[in-house]
Amino acid sequence: MSGKDRIIFVTKEDHETPSNAELVADDPNDPYEEHGLILPNGDINWNCPCLGGMASGPCGEQFKAAFSCFHYSKEDVKGSDCVDQFRAMQECMQKYPDLYPQEEEEEEEEEQPADPLPEAASEASATKEAAASS
């Protein structure tokens, strides 16, 4: 027999026997249980894969300080009281460009092709006007 699949035949008697599998209720306090970013008690789940490992590494403490400040911020503009923490995190990240690549370069590249389009459109309309007047 070759391949990835394996065929198993089950008898009628096998199906009639009650299952002996035990189901365990989920423990909301289980630290190994999969949770989202915010735990049921409202705390931040620093182990959430959604953080992409930002909570660990050379700038983990700065990230935690900034993210915690933002999460618990009560300001009208949420996080507006966290500028210092985010600045410290940014300064730390700039020391490790290989670990934390700057996204600004990508954004600038995306914006540049958009700028010549209005000029090209005005040149095209000028060409049409010139053609129409001749």
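Residues numbered from 1 in each chain as written. Predicted model: local features only at pLDDT ≥ 70, side-chain atom pairs only at ≥ 80, totals over all residues. Heavy atoms only, no water.

Quick reminder of the rule: UniProt positions are given in the numbering used here, feature names are shortened, and annotations may be inferred rather than shown by experiment.
The name given to the protein chain in an unreviewed UniProt entry is Mitochondrial intermembrane space import and assembly protein 40, with the source organism recorded as Bison bison bison. The protein chain has a UniProt comment under Subcellular location (unreviewed entry) that states "Mitochondrion intermembrane space".

Focus on the overall build of the protein chain
Our working rule: Strands here are runs of E lasting at least two residues and helices are runs of H or I lasting at least four, both read from the DSSP assignment and numbered beginning at the N terminus. Buried, partly exposed and exposed residues are distinguished by accessible area as a fraction of the type maximum, computed with a 1.4 Å probe on protein chains only: under 20%, between the cut-offs, and over 50%, respectively. The contact criterion used throughout is that any non-hydrogen atoms of two residues lie within 4.5 Å.
When helices and strands are tallied, the protein chain shows five helices and zero strands. When the helices and strands of the protein chain are read in sequence order from the N terminus, they spell out α-α-α-α-α. Going through the 134 residues of the protein chain one by one, you find that 13% of them count as buried. For the protein chain, the share of sequence-separated contacts (at least 6 apart) that also reach a separation of at least 24 residues comes to 33%.

Some remarks on the nonpolar core
We apply this condition: Only buried residues count toward a nonpolar core, which is a set of Ala, Val, Leu, Ile, Met, Phe, Trp, Tyr and Cys residues joined through side-chain atoms within 4.5 Å.
In this structure, I44, L51, A55, C59, F63, A66, F67, M89, C92, M93 and Y100 together form the largest nonpolar core, which totals eleven residues. Going through the elements one at a time, α2 (60-72) and α3 (83-94) are the ones with two or more residues in this core. Here C59 is in contact with M54, C92, M93, Y96 and Y100, once residues within four sequence places are set aside.

Side note on the packing of aromatic side chains
Applied cut-off: Whether two aromatic rings pair depends on their centres lying within 6.5 Å, for rings of Phe, Tyr and Trp, where Trp uses its six-membered ring; planes under 30 degrees apart make the pair stacked, over 60 edge-to-face, and the rest tilted. Lysine and arginine charges are scored as sitting over a ring when NZ or CZ, respectively, is within 6 Å of the ring centre and within 35 degrees of the ring normal.
One pass over the full model with this rule turns up three aromatic pairs. Judged by centre distance (6.3 Å) and plane angle (75 degrees), the ring pair of W46 and F63 falls under edge-to-face. Here F63 lies in helix α2 and W46 lies in the loop between α1 (12-16) and α2, a separation of 17 residues in the sequence. Taking relative accessible area as the criterion, W46 reaches 25% and is therefore assigned partly exposed. Owing to a relative accessible area of 9%, F63 belongs among the buried residues under this scheme. A connected cluster of aromatic rings, assembled from ring pairs, spans W46, F63 and F67. Against the face of F70 rests K78, its NZ or CZ located 5.5 Å from the ring centre.

Things to note about the UniProt feature "domain: CHCH" (unreviewed entry) in the protein chain
When the UniProt feature table is mapped onto this chain, "domain: CHCH" (unreviewed entry) is found at residues 59-95. Secondary structure within residues 59-95 divides into 68% helix and 0% strand; the distance between the first and last C-alpha atoms comes to 9 Å.

Observations concerning the pattern of salt bridges
Worth spelling out the cut-off: Should a side-chain nitrogen of Lys or Arg be within 4 Å of a carboxyl oxygen of Asp or Glu, the pair is scored as a salt bridge.
Tallied over the entire structure, the rule returns two salt bridges. With its nearest N and O atoms 3.0 Å apart, the salt bridge here joins K4 to D5. Using a relative accessible area of 76% as the deciding quantity, one classes K4 as exposed. For D5, a relative accessible area of 52% translates into the label exposed. Across the salt bridge formed by R87 and D84, the nearest N and O atoms sit 3.4 Å from each other. Pair noted here: R87 and D84 are both in helix α3, with a separation of three residues, about one helical turn. Using a relative accessible area of 57% as the deciding quantity, one classes D84 as exposed.

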